[in-house]
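Structure at a glance
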Amino acid sequence: METLIAAKEKLNEKGFLDIETPNINYVEEILRLKKEKNAVLLAHYYQIDEIQEIADFVGDSLALAQQAAKTDADMIVFAGVHFMAETAKILNPTKKVLLPDLLAGCSLADSCPPEEFSAFKAKYPNHVVVTYINCSAEIKALSDYVCTSSNARKIIDAIPKDQPIIFAPDRNLGDYLNKETGREMLLWDGACMVHEAFSMEKLIDLYKEHPDAELIAHPESEAHMLKVAKYIGSTSGLLNHVRNSDKNKFIVATEAGILFQMMQENPDKEIIPAPAKEDNTCACSECAYMKMNTLKKLYLCLKHELPDIEVDAELCQKAIVPIQRMLEISK
Ligand code: 13P
Ligand code: SF4
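Residues numbered from 1 in each chain as written. Chains lettered and ligands numbered in written order. Predicted model: local features only at pLDDT ≥ 70, side-chain atom pairs only at ≥ 80, totals over all residues. Heavy atoms only, no water.

**Section: empty space enclosed by the protein**
In this approach a probe as big as a water molecule rolls over the atoms, and the regions it shows empty are the leftover space. To be explicit about the condition: Only protein atoms enter the 1 Å grid used here, on which a cavity is any set of points holding a 1.4 Å probe that cannot leave and a pocket is any open set flanked by protein within 12 Å on both sides along at least five of seven lines; residues with an atom within 4 Å of a point are listed as lining. Grid points are joined across faces, edges and corners, and a volume is the space filled by probe spheres set on the points. Note that Gly is not counted as nonpolar here; it falls among the polar residues with everything else outside the nonpolar set of Ala, Val, Leu, Ile, Met, Phe, Trp, Tyr, Cys and Pro and the charged set of Asp, Glu, Lys and Arg. Numbered from the N terminus, helices here are DSSP runs of H or I no shorter than four residues, and strands are runs of E no shorter than two.
Inspection of every chain in the model, using the stated rule, returns 2 cavities of 30 Å³ or more. Tallied by class, the residues present in the lining of the largest cavity amount to 14 nonpolar, 12 polar and 3 charged. Considering only enclosed or pocket space, the second largest cavity measures out at about 50 Å³ in volume. Forming the boundary of the second largest cavity are Ser 61, Leu 64, Ala 65, Phe 78, Met 84, Thr 87, Ala 88 and Ile 133. Those elements that place two or more of their residues in the lining of the second largest cavity are helix H4 (61-70) and helix H5 (82-91).

What follows is the structure in structure tokens.
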């Protein structure tokens with residue numbers, strides 16, 4: 001028994017038994033560790049409310065990359081998904097970049113495997129490659145430009161009109177951009193499972209209940225949703241739209257995490273999440289990857305400085321080129 005107690009104490013000293021300390025105040029501990037380690041906590045709008053509340057900066061993919069590029073913190077804790085933390089690491093190869101759960105991936109990034117994409121690209125040697133930031137470092141390294149949903153139009157417009165383009169990995173965003181810009185970009189056939197889970201049938205029923213509501217949608221949504229949306233934009237675009245609109249009721253077609261900021265900013269407006277299909281696990285358009293980050297995992301990752309993101313130096317050097325190009329054009 002004594003040996004067991006001694007062993008437990010030893011593990012506790014190293015912090016491995018935090019799982020057994022239920023009384024810990026994660027918020028207080030995260031704030032203390034963040035200060036002690038001079039770490040910055042960056043969070044995406046799709047994170048759980050409790051994380052958004054304590055983050056140093058909450059933003060869309062572009063704003064988060066811009067924050068990562070200019071931070072003077074010693075360490076970056078990324079409350080988002082893997083490709084976001086990986087982008088921050090590429091921008092800060094000498095800094096520690098932590099992601100509370102390494103399994104927080106992205107279905108859209110997964111829909112574009114590097115080997116297949118490389119073979120596809122080889123078939124079109126005259127095309128330049130524009131990739132949505134929701135992709136792996138390997139795909140970024142095969143790209144000429146990176147973009148996000150808030151600057152995609154600007155990036156594409158910066159490329160000469162007669163220059164053929166491959167756009168990857170999101171076919172919905174690519175299709176929307178083709179319509180917006182009048183270009184005929186070749187599209188990679190990838191998609192986000194959250195933005196493809198909205199049900200048109202249920203949306204029509206919802207409209208019958210709320211005929212005065214305005215549908216607003218993220219451009220990762222399918223063409224039939226975008227066709228009926230009154231406003232299409234990135235997460236920050238959707239937030240700006242609701243903030244500045246004189247309308248009072250909105251149906252929002254994007255990941256449900258955005259509702260936290262939207263409702264906080266607009267307490268007098270009615271914000272209704274767009275309904276998902278029956279077969280969606282929670283029928284509420286939540287990204288299971290984004291929701292993998294919890295306060296407890298955030299606390300543990302700050303405490304142990306693990307898991308941290310590693311990107312091979314050579315890959316970093318290649319992947320940073322299209323990211324820097326995007327940051328330059330977006331200034
Ligand atoms: P934005 O925040 O750039 O709109 O991206 C949405 C998204 O899907 C992030 O995973
Ligand atoms: Fe990826 Fe879609 Fe989740 Fe965004 S919402 S992280 S695109 S799976």
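Now that the structure is up, let's keep going.
**Here's the deal with the packing of aromatic side chains**
This is how the line gets drawn: Each Phe, Tyr or Trp ring (for Trp, its six-membered ring) is paired with any other whose centre lies within 6.5 Å, and the angle between the two planes then decides the class: stacked below 30 degrees, edge-to-face above 60, tilted in between.
Per the counting criterion, the structure on display carries 5 aromatic pairs. Residues Tyr 26 and Tyr 299 carry aromatic rings whose centres are separated by 5.6 Å and whose planes lie at 45° to one another, so their mutual orientation is tilted. Highlighted residues: Tyr 26 in helix H2 (residues 26-36) and Tyr 299 in helix H15 (residues 295-304), separated in sequence by 273 residues. When the centroid spacing of 6.2 Å and the interplanar angle of 35° are considered together, the rings of Phe 117 and Phe 120 count as tilted. Of the two residues, Phe 117 and Phe 120 are both situated in helix H7 (residues 114-122); the distance of 3 residues between them amounts to about one turn of the helix. What links up through ring pairs into an aromatic cluster is the set Phe 117, Phe 120, Tyr 124 and Trp 188.

**Focus on the site of ligand 1**
As a reminder, the rule being used: Consider each residue's heavy atoms; a residue with any of them within 4 Å of a molecule or strand counts as near. Side-chain atoms alone can form a polar contact between residues adjacent in sequence; in general such a contact is a pair of N or O atoms within 3.5 Å, and within protein one must be able to donate a hydrogen while the other accepts it. Here the criterion for a molecule occupying a pocket or cavity is that more than half of its atoms lie within 2 Å of the pocket grid points.
Near ligand 1 there are 14 residues, and of these His 44, Ser 61, His 218, Glu 220 and Thr 235 occur at the shortest range. Contacts to ligand 1 include Thr 235, whose side-chain N or O atom sits 2.6 Å from an oxygen atom. In a pocket analysis with a 2 Å cut-off to the grid points, ligand 1 is assigned to the largest cavity. Looking at the shell around ligand 1 residue by residue, the class counts come to 5 nonpolar, 7 polar and 2 charged.

**A short note on the sheet that holds strand S8 (residues 186-187)**
To keep things clear, this is the line we draw: Two strands pair under a simple rule: DSSP has to find at least two bridges between them. Contacts are assigned to residue pairs that have any heavy atoms within 4.5 Å of one another. A fitted line through C-alpha atoms serves as each axis, taken over the contacting stretch for helices, and the angle formed by two N-to-C directions is quoted from 0 to 180°.
Pairing is parallel in the open sheet, where 4 strands are placed in the order S6-S5-S7-S8. Looking at strand neighbours, the two that pair on one side only are strand S6 (145-147) and S8, the edges of this open sheet. Relative to S8, strand S7 (residues 165-168) is paired through 2 bridges, and the arrangement is parallel. Residue pairing across strands places Ile 166 opposite Leu 186, the latter belonging to S8. Packed on one face of the sheet, H7 meets strand S5 (128-132), S7 and S8 and runs near 165° to S7.

Worth remembering: the numbers are spatial, not functional.
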